[in-house]
Amino acid sequence: MTVNKYFKTLIILVAFCYQPEVSGQLSSADSLEIESLETQVSLSRKEVLIKAQESPKKITSFFDQIERINSLEQQKSRSYILVESGQRVVLSFILIIIVIIVFLLLINQKETKRLSALRKQERRRSQTLSRLLPETVVSNYLQTENLDPVKVKDCTILFIEVQEKIPYKSPKKRLEVMNELLQKVEALFKEFGLVKIKYSGNQLVAICKKGKQTPTQQVETTVSCAIKLRNTILNFQGHSLCFKAGISYGDALMGFVGASRLRFDIWGQSVSESATH
């Protein structure tokens, strides 16, 4: 509609421009129509001027709106960038924490395995030492690493010697028999509360030391153990063995001897008496 209106106005202007050349030939009716057209042209000029004045304001307003929209978009873009940066920082922090936790877990797992291996080694060492030494000596050594001699007062000492009537055909067979016999002897010691001190060849020394027992009770316990040992050895199936035992009462000294190769031994008058009787 606006284009048509401006087009009509343009036609009127052109007609108006040609008006002086034909004014002498127009009638009164034509004059009235021309005056009407002049009025319309005048009004159209005012309207065009008003539109021309309003257009810059609208254009300025339009560009201001565009600038505001661009500003808002830039703010939104910066906000998104900040949010993304914050998310990256949080994710990086979480990732670092996860890495640290995994690293600590790996260290803890490795340390647990190491401690478990050390405990297994300690148990194996303790079991090996317990087969060679009294448990009290082993526990004292593992806790304090003390190898000083130990004096035992008022104890009963049992000396045992086992001999074969018929020599074995091979050393291997002899070791097998002695190992089996030693296991039975150790089981009897445990039953009566005796402690094996040393084992050398076909000889074995044990002591009976119980704090709540009187000397007479200790001797009776040792004698009962020796009798059961004699019956076990003499009735050892498939083997012809002799049994010799000696019992004495008194003090004894136990400890390690040797420089390059340690050996646990026991000394004292009561030990000598039990070995010679």
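Conventions used here
Residues numbered from 1 in each chain as written. Predicted model: local features only at pLDDT ≥ 70, side-chain atom pairs only at ≥ 80, totals over all residues. Heavy atoms only, no water. Salt bridge = Lys/Arg side-chain N within 4 Å of Asp/Glu carboxyl O. Helix = DSSP H or I, 4+ residues; strand = E, 2+ residues; numbered from the N terminus. Buried < 20%, exposed > 50% of the residue type's maximum accessible area, 1.4 Å probe, protein only. Expected span 1.5 Å × (residues − 1). Arc of directions from axis to C-beta. Contact = heavy atoms within 4.5 Å. Core = buried A, V, L, I, M, F, W, Y, C linked by side-chain atoms within 4.5 Å. Pairing = 2+ DSSP bridges. Axes fitted to C-alpha atoms, helices over the stretch in contact; angles between N-to-C directions. Parallel < 35°, antiparallel > 145°, perpendicular 65-115°, else oblique. Left-handed = near helix turned anticlockwise from the far one by under 90°. Nonpolar A, V, L, I, M, F, W, Y, C, P; charged D, E, K, R; others polar.

Sorry, what's going on with the pattern of salt bridges here?
Two side chains that carry opposite charge are able to pair once their charged atoms sit near each other. Overall, the coordinates contain five salt bridges when judged by the stated rule. The shortest N-O distance in the salt bridge between Glu191 and Lys228 comes to 3.1 Å. With a gap of 37 residues between them, Glu191 in helix α5 (residues 171-192) and Lys228 in helix α6 (residues 215-234) connect regions that are remote in the sequence. By relative accessible area, Lys228 is classed as partly exposed at 36%. Note that Lys198 and Asp265 form a salt bridge whose closest N and O atoms lie 3.0 Å from each other. Placement of the pair is Lys198 in strand β2 (residues 195-200) and Asp265 in strand β5 (residues 263-267), with a sequence separation of 67 residues.

Looking at this model, I keep getting lost on α5. Mind explaining?
In an α-helix there are 3.6 residues to a turn, and that puts residues three or four apart on one side. Between its first and last C-alpha atoms α5 spans 31 Å; for 22 residues at 1.5 Å apiece the expected length is 32 Å, and the two agree. The set of residues buried in α5 consists of Val177, Met178, Leu181, Leu182, Val185, Leu188, Phe189 and Phe192. For α5, the angular spread of the buried residues around the axis is 140°, confining them to a single face. Among the exposed residues of α5, those oriented more than 90 degrees off its buried face are Lys172, Leu175 and Lys190. Buried residues along α5 sit in contact with β1 (150-164), β2, β3 (203-208), α6 and β4 (241-257). After α5 finishes, the residue Gly193 shows a positive phi value of roughly 85°.

Can you help me understand the nonpolar core in this one?
A general trend in soluble globular proteins is that nonpolar side chains are found buried together. By size, the foremost hydrophobic cluster in this structure holds 23 residues, and its most contacted members are Ile160, Leu181, Phe189, Leu194 and Leu229. Mapped by element, the contributors of at least two residues to this core are β1, α5, β3, α6 and β4. Per-element tally for this core: the top contributor is α5, with eight residues. Beyond its immediate stretch of four places on either side in the chain, Leu194 contacts Leu158, Phe189, Ala206, Ile207, Cys208, Thr221, Thr222 and Cys225. Phe159, Ala252, Ile266 and Val271 belong to the second largest nonpolar core, which has twelve residues in total.

Explanation requested: the pairing of β4 in the structure shown.
Within a regular strand, the side chains alternate between the two sheet faces. When β1 meets β4, the two strands line up antiparallel, connected through 13 bridges. Bridging from a neighbouring strand, Glu161 pairs with Lys244 of β4. Where β4 lies against β5, five bridges are found, and the strand directions are antiparallel. Residue pairing in the sheet places Gly255 in a bridge with Asp265 of β5. Hairpin geometry of β4 and β5 is characterised by an intervening segment of five residues between the two adjacent antiparallel strands and by a positive phi of about 105° at Gly258.

Whenever I open this one, the pairing of β1 confuses me. Can you help?
With six bridges connecting them, β1 and β3 associate as antiparallel partners. Within β3, the position partnered with Phe159 by the bridge is Val205.

How do you make sense of the environment of Phe243 when you look at a structure like this?
Of note, Phe243 is situated in strand β4. Phe243 gets classed as buried once you look at its relative accessible area, which sits at 19%. For Phe243 and Glu164, which are 79 residues apart along the polypeptide, the C-alpha to C-alpha distance reads 8.9 Å. With sequence-adjacent residues up to four places away left out, Phe243 is seen in contact with Ile160, Glu161, Ala226, Leu229, Arg230, Ile233 and Leu234.

Help me out: how do you make sense of the sheet that holds β5 in this one?
Strand pairing in a sheet is mediated by backbone hydrogen bonds. Such pairs are either parallel or antiparallel. On the basis of which strands lie adjacent, the open sheet formed by five strands has the order β2-β3-β1-β4-β5 and antiparallel pairing. Two strands lie at the open edges of the sheet, namely β2 and β5, each paired on one side alone. Each strand axis lies, on average, 40° off the axis of its neighbour in the sheet, ignoring direction. Packed on one face of the sheet, α5 meets β1, β2, β3 and β4 and runs near 140° to β1. α6 rests against β1, β3 and β4 of the sheet, and its axis sits at about 135° to β4.

It is not clear to me how the packing of α5 against α6 should be interpreted in this structure. Could you clarify?
Packed helices, taken two at a time, are described by the angle their axes make and the gap between the axes. Relative to each other, α5 and α6 sit at 155°, their axes nearing to 10 Å. By the criterion of interaxial angle, the relationship of α5 to α6 is roughly antiparallel. Handedness of the α5/α6 crossing: right-handed. Here Leu181, Lys184, Val185, Leu188, Phe189, Glu191 and Phe192 of α5 come into contact with α6, specifically with Thr221, Ser224, Cys225, Lys228, Leu229, Thr232 and Ile233. Looking at the contact of α5 with α6, its residues break down into eight nonpolar, three polar and three charged.

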